[in-house]
Amino acid sequence: MEESRREAGISRKLIFKINQTDPTTEEYRKLLDELFEGRLDKTTSIVAPIQIDYPSSISIGKNVFINNNLKCVARGGITIEDGVMIAPGVTILTVNHDLKDHCVLIPIPVTIKKNAWIGANVTICPGVEIGEGAVIGAGAVVTKDVKPFTVVAGIPAKFIKNIEW
């Protein structure tokens, strides 16, 4: 527990610096690299501002683009695979509260598979897997797994169509 608090405190300080730094500078990238402990590929871009509580619980692949205002409650673990695009205002949640004891957090990982596209202001709930090549429509609340190469939208997110090549 103490280690978690320490990490959250360190990440808050780094994120404050990131959110106050010109994104076109070398310093900005160095701060991102520090936040992700050198695990962020050079082909991946993250636009500030961001809010992330446990960056050590996040794995981000190559050629990923994350637009501004990403919010991650990452204690349960987040995997973002290669080629994913995330629009502004996305929230990724990996913890839920126990229904009987609201002080108990239940961590459940979220996975976003290759080449998925997450629309603006989407909320992804704990335990969800977004399939390869899936598209999540703007404003959706994703409460269940999304099949590969499908489009979902709405609250809660529902199947709209298959993506045909």
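Remember, it's a predicted structure, so these values are computed and weren't measured experimentally.

Draft legend 1. The arrangement of the overall build of the protein chain in detail. Scanning the protein chain from terminus to terminus reveals two helices and 18 strands. Whereas a compact globule of 165 residues would reach a radius of gyration of roughly 15 Å, the protein chain reaches 16 Å, a difference of no more than 12%. Projected onto the principal axes, the alpha-carbon positions of the protein chain cover approximately 45 × 40 × 20 Å. Within the protein chain, buried positions represent 41% of all 165 residues. When contacts within the protein chain are restricted to residue pairs at least 6 apart in sequence, long-range pairs at least 24 apart make up 22% of them.

Draft legend 2. The arrangement of the sheet that holds strand 3 (residues 58–60) in detail. Spatial ordering of the open sheet is given by 3-6-11-14, a layout of four strands whose pairing is parallel. Strands with a single pairing partner mark the edges of an open sheet, and in this sheet they are strand 3 and strand 14 (129–130). One ladder, built from three bridges, connects strand 6 (residues 78–80) with strand 11 (residues 110–112); its direction is parallel. By the bridge assignment for strand 11, Ile-80 is matched with Ile-112.

Draft legend 3. A nonpolar patch on the surface, seen in detail. Among the surface-exposed residues, Phe-65, Met-85 and Trp-117 lie close enough to one another that they form a single nonpolar patch of about 300 Å² accessible area. Along the chain, Met-85 falls in strand 7 (residues 85–86). A relative accessible area of 44% places Met-85 in the partly exposed class.

Draft legend 4. Region of the structure containing the pattern of salt bridges. One pass over the structure, following the stated rule, counts four salt bridges. A salt bridge links Glu-81 to Lys-113, with the nearest nitrogen and oxygen atoms 3.4 Å apart. Of this pair, Glu-81 sits in the loop between strand 6 and strand 7 while Lys-113 sits in the loop between strand 11 and strand 12 (117–118), placing them 32 residues apart in sequence. Residue Glu-81 is classed as partly exposed on the basis of its relative accessible area of 22%. Look at the salt bridges and you will find they share partners, linking Arg-29, Asp-33 and Lys-42 into a network.

Draft legend 5. Inspection of helix 1 (residues 2–19) at higher detail. In this model, helix 1 (18 residues) spans 26 Å end to end at C-alpha, consistent with the 26 Å of a helix rising 1.5 Å per residue. All of the buried residues in helix 1 are Ser-4, Glu-7, Ala-8, Ser-11, Leu-14, Ile-15 and Ile-18. Along the axis of helix 1, the buried residues cluster in a sector spanning 135 degrees; they form a single face. Of the residues in helix 1, the exposed ones pointing more than 90 degrees away from the buried face are Glu-2, Arg-5, Arg-12, Lys-13 and Phe-16. Check the buried side of helix 1 and you find it contacts helix 2 (26–35) and strand 2 (50–52).

Draft legend 6. Representation of the side chain of Thr-111 within the structure. Looking at the element boundaries, Thr-111 is found in strand 11. Discounting chain neighbours no more than four positions away, the residues touching Thr-111 are Thr-79, Glu-81, Val-128, Glu-129 and Ile-130.

Draft legend 7. How the structure looks around helix 2. Those residues of helix 2 that fall on the buried side of the exposure criterion are Tyr-28, Arg-29, Leu-31, Leu-32, Asp-33 and Leu-35. Along its buried surface, helix 2 packs onto helix 1, strand 1 (45–46) and strand 2.

Rules behind the numbers
Residues numbered from 1 in each chain as written. Predicted model: local features only at pLDDT ≥ 70, side-chain atom pairs only at ≥ 80, totals over all residues. Heavy atoms only, no water. Helix = DSSP H or I, 4+ residues; strand = E, 2+ residues; numbered from the N terminus. Rg over C-alpha atoms; globule rule 2.2 N^0.38 Å. Buried < 20%, exposed > 50% of the residue type's maximum accessible area, 1.4 Å probe, protein only. Contact = heavy atoms within 4.5 Å. Pairing = 2+ DSSP bridges. Patch = residues over 30% accessible without salt bridge, like charges linked within 9 Å, V, L, I, M, F, W, Y side chains within 5 Å. Areas by Shrake-Rupley, 256 points an atom, 1.4 Å probe, with all protein chains shown as cover. Salt bridge = Lys/Arg side-chain N within 4 Å of Asp/Glu carboxyl O. Expected span 1.5 Å × (residues − 1). Arc of directions from axis to C-beta.

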